[in-house]
Amino acid sequence: MTMPENDRGADALRPHAEDAFAEELKALAAADDRPRPARWNLSPWAVATYLLGGTLADGTVITPKYVGPRRIVEVAVTTLATDRALLLLGVPGTAKTWVSEHLAAAVSGDSTLLVQGTAGTPEEAIRYGWNYARLLAHGPGREALVPSPVMRAMAEGRVARVEELTRIPADVQDTLITVLSEKTLPIPELGQEVQAVRGFNLIATANDRDRGVNELSSALRRRFNTVVLPLPATADAEVDIVARRVDQMGRALDLPAAPEGLEEIRRVVTVFRELRDGITADGRTKVKSPSGTLSTAEAISVVTGGLALAAHFGDGVLRPSDVAAGILGAVVRDPAADRVVWQEYLEAVVRERDGWKDFYRACREVTA
Ligand SMILES: Nc1ncnc2c1ncn2[C@@H]1O[C@H](COP(=O)(O)OP(=O)(O)OP(=O)(O)O)[C@@H](O)[C@H]1O
Ligand SMILES: [Mg+2]
């Protein structure tokens, strides 16, 4: 059986940004009369509007993808139109991957030219590899060469993405220096090179809280404009982000709509922020922080999991008992130390808080 070349389609569990938001991108391109950099599908203004949301002259509503400071998005988009690459930096769950995908989708219409960085990422993943059957049959030639996503982006003038750049071993990272400074990828075996055409650029993401990762060499770092994605500034902003994403994901999973569960979402976000900040929202009580990172991304999965519980085993409305187990799982990563942190928080903060009785009871039930 042969696999179809592209079997993603509308039924994909997680469609690529350019497919999921194809309508919005089309409407933006139609309305966009500003100058576009070479090979860009949209002008920088339209790319920023795609990320931040807005209403077009014809009434089309563009949903916000990124909720955060406008300037951050503007700087990121503008960087892509220069000869410097873009490095999105931040603590886990600050939407680095998410922003990178949407930027590539909006600029190039393709977010799939992706290299996933790991400790085992080889040079071939950034440069090129060989199809050994062809190499043996026909000898070295361009037909036997397997281009990396970066090489394809260079040749086609698109945006390539490198995820978790700092997890890649330092010598492999350095492969990118020539790519970013000379805009060329030499193929010494063939005495050839692939020169980047206009439109090419690269977005890398890196986590600034990873322990034991490879630092970026200063030579490579200089090739990047760094944009730091912050944690949501206020609880309201974070609730908004979680509610939006949960709603989008819930629709894909046929889960009930979230608005009815807004109270629970607020609760999850409050618990996460207080534990993260080490102090209660009113600034009165110090609490200990658990070992794991309680990011917005985790809050989203706790609420999505809770909605699934509510849909399949409850009355369809998100209740305290639907999120309690998820919160516990997110907070208690280290069974010994984190459990103590959680229990202290439960007794000192949750128990005393007005309107949190049901939640306290639900937490006690799963914590015991
Ligand atoms: N400011 C924000 N605006 C919109 N969505 C956000 C925001 N912060 C987090 N999210 C959501 O959080 C989820 C996780 O984001 P993402 O995976 O991009 O984080 P990340 O920074 O790449 O994390 P990691 O360091 O773990 O790779 C996404 O679904 C994203 O929509
Ligand atoms: Mg990521």
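In this text, all values refer to a predicted model and were calculated from it rather than measured experimentally.

(A) Geometry of the overall build of the protein chain. A count of helices and strands for the protein chain gives 16 helices and 11 strands. Expected size for 368 residues packed as a compact globule is a radius of gyration near 21 Å; at 23 Å, the protein chain falls within 12% of this value. The C-alpha extent of the protein chain, read off along each of the three principal axes, is 70 × 50 × 50 Å. By the burial criterion, 39% of the 368 residues in the protein chain qualify as buried.

(B) Representation of the environment of Leu 51 within the structure. Looking at the element boundaries, Leu 51 is found in helix 3 (residues 44-52). Between the alpha carbons of Leu 51 and Asp 247 there is a distance of 17 Å; along the sequence they are 196 residues apart. Contact partners of Leu 51, with chain neighbours within four places excluded, come to Lys 65, Tyr 66, Val 73, Val 99 and His 102.

(C) Spatial organisation of the site of ligand 1. In the region of ligand 1, 19 residues are neighbours, and Ala 95, Lys 96, Thr 97, Trp 98 and Ala 297 sit closest. For the shell around ligand 1, the secondary-structure elements that each account for two or more residues are helix 5 (96-108), strand 10 (201-207), helix 11 (235-252) and helix 13 (296-313).

(D) Examining the sheet that holds strand 10 more closely. Pairing is parallel across the open sheet formed by five strands, whose spatial order is 4-7-10-3-11. Here the strands that pair on one side only, and so sit at the sheet edges, are strand 4 (114-116) and strand 11 (224-228). Averaged over all pairs of adjacent strands, the angle between their axes in this sheet comes to 20°, without regard to strand direction. Against the sheet, helix 4 (residues 70-80) contacts strand 3 (85-90), strand 7 (159-163), strand 10 and strand 11, and its axis sits at roughly 165° relative to strand 11.

(E) Fine view of the nonpolar core. Grouped together as the largest cluster of nonpolar side chains are 58 residues, with contacts concentrated most on Val 47, Tyr 50, Leu 86, Leu 103, Val 107, Val 150 and Ala 204. Setting aside chain neighbours within four positions, we find Val 107 in contact with Trp 40, Asn 41, Leu 42, Val 47, Leu 80 and Val 159. The next biggest cluster of nonpolar side chains, apart from the first, holds 32 residues, and it includes Val 269, Val 271, Val 331 and Val 349.

(F) Expanded view of unusual backbone geometry. One non-glycine residue with positive phi stands out, namely Arg 39, at about 65°. Tracing the sequence through the fold places Arg 39 in the loop between helix 2 (22-31) and helix 3. A positive phi angle, close to 80°, is found at Ala 95, a residue other than glycine. Within the element layout of this structure, Ala 95 appears in the loop between strand 3 and helix 5.

(G) Main features of the domain arrangement of the protein chain. For the protein chain, the assigned domains read domain 1 (17-228) and domain 2 (235-367). Listed by partner, the interface residues are six residues for domain 1 and eight residues for domain 2. Along the lines of polarity and charge, the residues of the side of domain 1 that touches domain 2 split into three nonpolar, two polar and one charged.

(H) How the structure looks around helix 13. Between the first and last C-alpha of helix 13 there are 25 Å, a value that for 18 residues agrees with the 26 Å anticipated at 1.5 Å per step. Those residues of helix 13 not exposed but buried are Thr 296, Glu 298, Ala 299, Ile 300, Val 302, Val 303, Thr 304, Gly 306, Leu 307 and Ala 310.

(I) Region of interest: the packing of helix 12 (residues 262-277) against helix 14 (residues 320-331). At a minimum axis distance of 10 Å, the contact between helix 12 and helix 14 shows a crossing angle of 20°. Between helix 12 and helix 14, the angle is such that the two are roughly parallel. You can see that helix 12 and helix 14 cross each other, and the crossing is right-handed. For the pair helix 12 and helix 14, contact is made by Glu 264, Val 268, Val 271 and Leu 275 and by Pro 320, Val 323, Ile 327 and Val 331, respectively. Each residue belonging to the contact of helix 12 with helix 14 can be placed in one class, and the counts come to seven nonpolar, no polar and one charged.

Parameters and conventions
- Chains are numbered independently. Their residues run from 1 in the order of the written sequence.
- Chains and ligands are labelled sequentially in the order written, the chains with letters from A and the ligands with numbers from 1.
- Residues qualify for local features only when their pLDDT is at least 70, as the model is predicted, and side-chain atom pairs are given and counted only at 80 or more; totals for whole chains, interfaces and linings, by contrast, use all residues.
- Going along the chain from the N terminus, every DSSP run of H or I of four or more residues is numbered as a helix, and every run of E of two or more is numbered as a strand.
- In this setup the radius of gyration rests on C-alpha atoms only. A globule is expected at 2.2 Å times the number of residues raised to 0.38.
- The exposure label follows from counting other C-beta atoms within 10 Å of a residue's C-beta, where the C-beta atoms are placed from the backbone and the thresholds are 20 or more for buried and 12 or fewer for exposed, leaving partly exposed in between.
- We call two residues in contact if the C-beta atoms placed from their backbones are at most 7 Å apart.
- Residues are counted as near a molecule or strand when the C-beta atom, derived from backbone positions, lies within 6 Å of that molecule or strand.
- When DSSP locates at least two bridges between a pair of strands, those strands are taken to pair.
- Helix axes use the C-alpha atoms of the stretch in contact, all axes being lines fitted to C-alpha atoms, and the angles between their N-to-C directions lie in the range 0 to 180 degrees.
- In this usage, the nonpolar core is the set of buried Ala, Val, Leu, Ile, Met, Phe, Trp, Tyr and Cys residues whose C-beta atoms join them within 7 Å.
- Here the limits of each domain have been adopted from an automatic or database domain assignment.
- Any residue that is not Ala, Val, Leu, Ile, Met, Phe, Trp, Tyr, Cys, Pro, Asp, Glu, Lys or Arg is counted as polar, Gly included; the first ten are nonpolar and the last four charged.
- How far a helix is expected to stretch is found by multiplying one less than its residue total by 1.5 Å.
- Roughly parallel refers to an angle under 35 degrees, roughly antiparallel to one over 145, roughly perpendicular to one between 65 and 115, and oblique to any angle outside these ranges.
- Crossing handedness: left-handed means the near helix sits turned counterclockwise from the far one by under a right angle, and right-handed means the same turn made clockwise.

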